[in-house]
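Summary of the model geometry
Now for the letters of each chain:
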Amino acid sequence: MTKREPLTSGRARRAIKMGELASQVGSNYLWSQLRRPFLNAGRREKELLETHIRNARLVVESSTQLRGAFMKLIQMLAMRHDLLPVEALDVLKATHSGVPPMSYPMIQDQLRRELGQRPEQAFRSFEREAFAAASLGQVHRAVTRDGREVAVKIQYPGIDKTVEQDLGNLKLLLTTLGAIARDVMRQKIDTATIYAELQARLREELDYILEARNMTEFGKLFADDPEVIIPTVVRELSSRRVLTMTFIDGYPLTDVFGEAVDLELRRWVALKCSEITWRQIAEFGILHTDFHPGNYLVTYHPRLGVLDFGSIRRFSEPIRKAYLQAAKGIVDDDDKEIGAAMVKLGYLGREQNPRPLVEAVRILFEPLFDDRAWSPGDYDTVGKAQRVGELAFEHKLYRSPDHSVFLLRALIGLEGIVRQLGVKDNYRRVFVQCVERASR
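What comes next is a walk through the structure. Just so it is clear, the structure is predicted and the values come from calculations on it, not from any experiment.

What follows deals with the overall build of the protein. Of the regular secondary structure elements, the protein holds 17 helices and 11 strands. Per-residue burial over the protein gives 53% buried out of 440 residues. For the protein, long-range pairs separated by at least 24 residues make up 71% of all intrachain contacts whose partners lie at least 6 apart in sequence. For the protein, the exposed surface amounts to about 20100 Å²; the carbon and sulfur share of it is 52%.

If you walk through the whole model with that rule in mind, you get 30 salt bridges. Across the pair lysine 272 and glutamate 227 runs a salt bridge whose closest N-O atoms are separated by 2.9 Å. With a gap of 45 residues between them, lysine 272 in helix H10 (residues 263-284) and glutamate 227 in the loop between helix H9 (208-221) and strand S5 (228-229) connect regions that are remote in the sequence. Close ionic contact of glutamate 283 with arginine 437 constitutes a salt bridge, the shortest N to O distance being 3.4 Å. Of the two residues, glutamate 283 is situated in helix H10 and arginine 437 in helix H17 (residues 427-439); the sequence distance between them amounts to 154 residues. What makes glutamate 283 partly exposed here is its relative accessible area of 23%. Taken together, the shared-partner salt bridges in this structure form one network comprising Asp224, Arg279, Glu283 and Arg437.

This brings us to helix H12 (residues 335-345). Turning to H12, its buried residues number three or more, namely Ile338, Gly339, Ala341, Met342 and Leu345. Taken end-on, H12 shows its buried residues confined to a sector of 160 degrees, consistent with a single buried face. Exposed residues pointing more than 90 degrees away from the buried face of H12 are listed as Lys336 and Lys344. Buried residues along H12 sit against helix H11 (317-332), helix H13 (355-364), helix H14 (366-369) and helix H16 (402-421). One side-chain oxygen of the residue at the start of H12 lies 3.0 Å from the amide nitrogen of lysine 336, identifying that residue as aspartate 334. Backbone geometry just after H12 places glycine 346 at a positive phi near 90 degrees.

Here we take up the sheet that holds strand S10 (residues 304-306). Across the sheet, which stays open at both edges, the 4 strands sit in the order S5-S10-S9-S7 with mixed pairing between neighbours. The outermost strands of the open sheet, each flanked by one partner alone, are S5 and strand S7 (251-252). Judged from the 3 bridges that link them, strand S9 (residues 296-298) and S10 form a sheet pairing that is antiparallel. Opposite leucine 297, over in S10, you have glycine 305 as the bridge partner. Relative to S10, H10 is tilted by about 40 degrees, and along the sheet it contacts S5, S9 and S10.

Conventions and cut-offs
- Residues numbered from 1 in each chain as written.
- Predicted model: local features only at pLDDT ≥ 70, side-chain atom pairs only at ≥ 80, totals over all residues.
- Heavy atoms only, no water.
- Helix = DSSP H or I, 4+ residues; strand = E, 2+ residues; numbered from the N terminus.
- Buried < 20%, exposed > 50% of the residue type's maximum accessible area, 1.4 Å probe, protein only.
- Contact = heavy atoms within 4.5 Å.
- Areas by Shrake-Rupley, 256 points an atom, 1.4 Å probe, with all protein chains shown as cover.
- Salt bridge = Lys/Arg side-chain N within 4 Å of Asp/Glu carboxyl O.
- Arc of directions from axis to C-beta.
- Polar contact = N/O pair within 3.5 Å; in protein donor to acceptor, adjacent residues only side chain to side chain.
- Pairing = 2+ DSSP bridges.
- Axes fitted to C-alpha atoms, helices over the stretch in contact; angles between N-to-C directions.

Okay, structure coming up:
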């Protein structure tokens, strides 16, 4: 195991790095704007796109230096299609956690601080090498004193301090991106709402006691579904920075991707992922927003194992009911209901004509309107996003309520998983079933 290097720390040092980043990004755009009058139309657009991608790479390079919490924030921003064009977002999405694993002495110290015992004392056996890692912590296999196989999630020491530093510095980056969206892409971005939502969710992810409660709650919510498995918290071996849970054995979701995998298994996974997402939004009003393959397993039964409950978005009951109303509007092909729901959800002002936003909903959720089998390859994500962007600009559809930030993240994650499973099926049917169930 390589020795874990210290995270870039110190508010001044990190602020300098963030300031340098914002300055470089701004300078690149300024230079591009100064050159525009001397270029023909085709060359102007090409240079603008190149500048977007160059700046996206600067952000990625900065995140690999700052690592830790900032890496997580960049991954969240990569979901915002209204901040940067698709080509630049692809660069951000390539960001992966580059934090080297903790050394075993660091693990021992962290467990002793949190649980009052070293790993050898708290567990019958404890694997020194982590089998999973993320930007905020890493996970080890172990066996409890009473013989239960468990996964132990351990937070990096001091990561909470760098999170607070990065949240302060992030405001500068968001201000820069907001100016880019306004002046270059002609889009109005509510950076204050985005920042507040990122701040709330990231702070929650640092609290493993809260994650343990989330995990227990999801276990209860899906208790009636024998095809879903949620880990059980081992409370006596958990704390704010250590979370011990029962170990779920299964295939990583990425192992199910690809045409070489049995088609029926891929179909089951695609429909199951869709089902649990729609149930969370329309029925439960609580959403697992970190919808990427690393947080899901397929067991040998099969069952879908759901992991990592740090990033959870709860909707108030009026918001849940409004999303359900919008879903019913989709099922019933009722534009009036969809429009009314969009007003309740805050995507539209009461004075605005709902027709353009309803059209955007129809474009984005076309497979849910159409009662036929759809292949993910038939869904032109880029083309649809561009059309919706045109509608937003033309009709000033700039409202972005706080509950939409991580809902968008989850839906983009679901779309990515379904696309990689590559299964042609009727996705409207499972949607209709979930809406009917939530309406009872």
